[in-house]
Amino acid sequence: MQTLPPLDLIPAGLRSTVVLDRDGRLLRPFATADGRWRLPVTGSQVDPRFRAMLTAYEDRRFASHPGVDPTATLRAAGQWLGAGRIVSGGSTLSMQVARLVEPRAQRSLAAKLRQMVRAVQLERRLGKDGVLDLYLALAPYGGPVEGLRAASLAYFGREPARLTFAESALLVALPQAPEARRPDRFPEAARRARDRVLAIAAAQGVVTAAEAEAARAEPVPSARKPFPMLAAHAAEAAHAADPGAQAIRLTLDGRLQASLETLAAERAAAQGPGISAAILVLDNRTGAVLAQVGSPGYLDASRAGAIDMTGAIRSPGSALKPFIYALAFETGLAHPETQLDDRPVRFAGAYAPENFDLGYQGSVTARRALQLSLNVPAVDLLEGVGPARFIARLRAAGARIDLPRDTAPGLPVALGGLGITLTDLARLFSGLARQGLVPNLTRRVGEASGGGAGAPPQEARITDAVAAWYVADILRGAPPPENALAGRFAYKTGTSYGYRDALAVGFDRRITLAVWVGRPDGNAVPGLVGRVVAAPILFDAFARFGGEPDSVPMPRDALVTTTAGLPPPLRHIRRDIPKTLSAALGGALKIAYPPDGARIDLGLSEPDPASSARLALKALGGVPPLTWMVDGLPVAGGARRQSAWAPDGAGFARISVMDATGASDSVVVRLE
């Protein structure tokens, strides 16, 4: 007699891959290479009443025999001798498993003896629980459906731990004649087989007569149900990356995913035919992807549902304005209470942006300008920080930025003249909630942050901690959409040119949530405005996450004041005095000392550093008075080209200087 195969009795290629959420809930199974649905399952994952019904019907002495039931075997032998042929095989569950593991086409005495030997070997090797697990995994249920878990999902749409008496009885009966009793083809034959199982179960006390009668009244399913397909895009990508894995556990929250998929489908349908929607949720603490809705429905061809819009390159509209402001705050060009001009103006002689409502607000603070998403102030600040520098900062933070025809960055990038994915947009906003550090995303439980092996890669920085908090604090005061509560979390919307994309991204200390609505083919949709279409979805999605929003904490170095309390050069970005005037009057403003990137030893790393250690500051050019700032805070008495600053400890410091025209320069140094 041959020895048994290895303990892994189901070859890896014949298993279905299952993609699970962070808590082990099924998101999406995949068929085997030969098209079968064979999902992993064990006896502990099955309703105990099913197991009792199975042994009562198939093998009542399963718990006590060694793999072969002598009583049943003697009965079968007597029937064979009397009839001259095999009438009943006296097969135990262990013998049935032997036949499933080692199928034989012929029914002969030799084949039956082989099954008996194999059954004893299986029991000795695997024990009762192992034999039962194999039966539950391999039993045929008609067509490509094999194993109890696949059958339970296919016929009842639920896991086998939650079966009713009627459902359990049907699934006990099907493996004896899986094709002849398939409920989706022969529902009457399936009903009769189910009722026989219920009668035997009642006779042996597994169920009461009343329970059996109630179960017989339940209808038999007449069609197969689709297998679960939650997070279809994320699951497909994970399976493609690791096709040989039996189980892949993602960081997604299955319940949140299901809720947001329903939300996306409802809102896309309300917008009309051809409209798609995408939602992404990130855990700000870990960078884990908690939900990824790539479309309103993976199988909805009318909305190009197979396209994962969380990874599509689209225009962000005004959604990137917060990062222009963050760079301006970081470099000392502006403060949230700096007065900006919102009036008609031409930049570089030709570019004349207009606000969305075609009106102007006059003089407004940077805070109000960002909350109202005014275009002219944003472009004005971008001119100050430089478009190339702005794009370089986004790319350094790990975002893929596509510019039209590979042109050099220009001022239109402030209003959406570039391409970015919803995923990268969400990562950048998550950085605002994390003191400027952009997270590396994790998509599988247990993987290193960023998806690589070993230690996680270093997180990139989109801005410094103070500037990040300034922006978060401003956006928390942005006016909410109609019928929504204000001030619960920070958020920003965007509408691309021609009404092709509507976006909304919101965050608090816990999560970042990004929403996109539009047509995957890029065609315009009249009325597709971020604040009107995407923002309500964002607010509804935030409510479904649960819990109370948690605002981003204020860093100790933040300067909270009014416009009047700011240093004079920060009170207003003066357009009446050209910024090029500094070059004409006193030469271009530049920090002469300390040089950018310098490491300066002030004795701060000593056990008892000198309390009087001061760093000399020197600038060349510019129009006095000058304003010196370190990490966003003004240096006392620093109105001249030469000043000094007393650091409170070792580490990195960003030193900035601004003159009366608004011209500025900054360096980053390391103090030791």
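Treat the numbers as computed from the prediction; the structure is a model and nothing was measured.

Asks: So what about unusual backbone geometry? Which residues, and what values?
Replies: With the exception of glycine, the majority of residues adopt a negative phi angle, and the majority of peptide bonds are in the trans configuration. Cis rather than trans, the peptide bond between Tyr-593 and Pro-594 has omega equal to 0°. Mapped onto the elements of the fold, Pro-594 is located in the loop between β15 (590–593) and β16 (599–600). One non-glycine residue with positive phi stands out, namely Leu-358, at about 65°. For Leu-358, the position within the fold is in the loop between β8 (339–342) and β9 (362–365). When its relative accessible area of 59% is taken as the criterion, Leu-358 is described as exposed. With a phi close to 60°, Gln-435 is a non-glycine residue in the positive phi region. Tracing the backbone through its elements, the reader meets Gln-435 in the loop between α15 (422–433) and β10 (437–438).

Asks: Tell me what's going on with the pairing of strand β12 (residues 490–495), and back it up with residues and numbers.
Replies: The buried count for β12 comes to six of six residues, which makes it a mostly enclosed element. Along β12, one buried face is formed by Ala-490, Lys-492 and Gly-494 and the opposite face, lined by Tyr-491, Thr-493 and Thr-495, is buried too. Alignment of β12 against strand β13 (residues 501–507), held across six bridges, turns out to be antiparallel. Across the sheet, residue Lys-492 finds its bridge partner in β13, namely Val-505. In sequence, β12 turns back onto β13 through a hairpin of five residues, with Gly-498 there showing a positive phi of about 80°.

Asks: I'd like to hear about the sheet that holds strand β14 (residues 511–518), residue by residue, with values.
Replies: One open sheet accounts for five strands, arranged β7-β6-β14-β13-β12; its pairing is antiparallel. If you trace the sheet from one side to the other, it starts and ends with β7 (289–293) and β12, each paired once. Taking the axes of each pair of neighbouring strands and ignoring which way they run, one obtains an average angle of 10° across the sheet. On top of the sheet, helix α17 (residues 530–545) reaches β6 (276–283), β7, β12, β13 and β14; it is set at about 35° to β13, its chief contact.

Asks: Quick rundown of the sheet that holds strand β5 (residues 247–249)? Include the residues and the values.
Replies: Strands sit in the order β2-β1-β5 across an open sheet of three strands; the sheet is mixed. Of all strands in the sheet, those bounded by a partner on one side alone are β2 (26–30) and β5. Averaged over all adjacent pairs, the angle separating strand axes in this sheet is 15°, with direction ignored. Sheet topology places strand β1 (residues 17–20) next to β2; four bridges connect them, and they run antiparallel. In the sheet register, Val-18 faces β2, and the bridge partner there is Pro-29. Against the sheet, helix α9 (residues 232–241) engages β1, β2 and β5, with an angle of about 50° to β2.

Asks: Please give an account of the packing of helix α7 (residues 187–203) against helix α8 (residues 209–216) that cites residues and values.
Replies: Two elements in contact, α7 and α8, have axes whose closest approach is 9 Å; the angle formed by their N-to-C orientations is 170°. Taken together, α7 and α8 sit at an angle that is classed as roughly antiparallel. From α7, Arg-194, Asp-195, Leu-198, Ala-199 and Ala-202 reach across to α8, where they touch Ala-212, Ala-215 and Arg-216. Its residues assigned to classes, the contact of α7 with α8 shows five nonpolar, no polar and three charged.

Asks: So what about α7? Which residues, and what values?
Replies: Its 17 residues give α7 an end-to-end C-alpha distance of 24 Å, which sits within 8% of 24 Å, the value for a rise of 1.5 Å per residue. Those residues of α7 that fall on the buried side of the exposure criterion are Ala-190, Ala-193, Arg-194, Asp-195, Val-197, Leu-198 and Ala-201. Packing partners of the buried residues in α7 comprise α1 (48–58), α6 (165–173) and α8. Directly after α7, the chain includes Gly-205, whose backbone phi takes a positive value near 80°.

Reading guide: rules and limits
- Counting starts from 1 at the beginning of each chain's written sequence and moves along it residue by residue.
- The predicted nature of this model means local features are confined to residues of pLDDT at least 70 and side-chain atom pairs, given and counted, to a pLDDT of 80 or more, with totals for whole chains, interfaces and linings taken over all residues.
- With hydrogens and water excluded, all non-hydrogen atoms of the structure serve as input to the side-chain values.
- Only runs of H or I of at least four residues qualify as helices and only runs of E of at least two qualify as strands under DSSP, and these elements are numbered from the N terminus.
- Partly exposed residues are those whose accessible area sits between 20% and 50% of the maximum for their type, while under 20% is buried and over 50% is exposed, using a 1.4 Å probe and protein chains only.
- One bridge is not enough; two strands pair if DSSP finds at least two bridges between them.
- Only the contacting stretch of a helix is used when fitting its axis, a line to C-alpha atoms as for every element, and angles between N-to-C directions run 0 to 180 degrees.
- Residue contacts are defined here by distance: any two heavy atoms, one from each residue, within 4.5 Å place the two residues in contact.
- The cut-offs work like this: below 35 degrees is roughly parallel, past 145 is roughly antiparallel, 65 to 115 is roughly perpendicular, and the gaps in between are oblique.
- Ten residues, namely Ala, Val, Leu, Ile, Met, Phe, Trp, Tyr, Cys and Pro, are considered nonpolar, four, namely Asp, Glu, Lys and Arg, are considered charged, and the remaining ones, Gly among them, are considered polar.
- A helix is expected to span 1.5 Å for every residue after the first.

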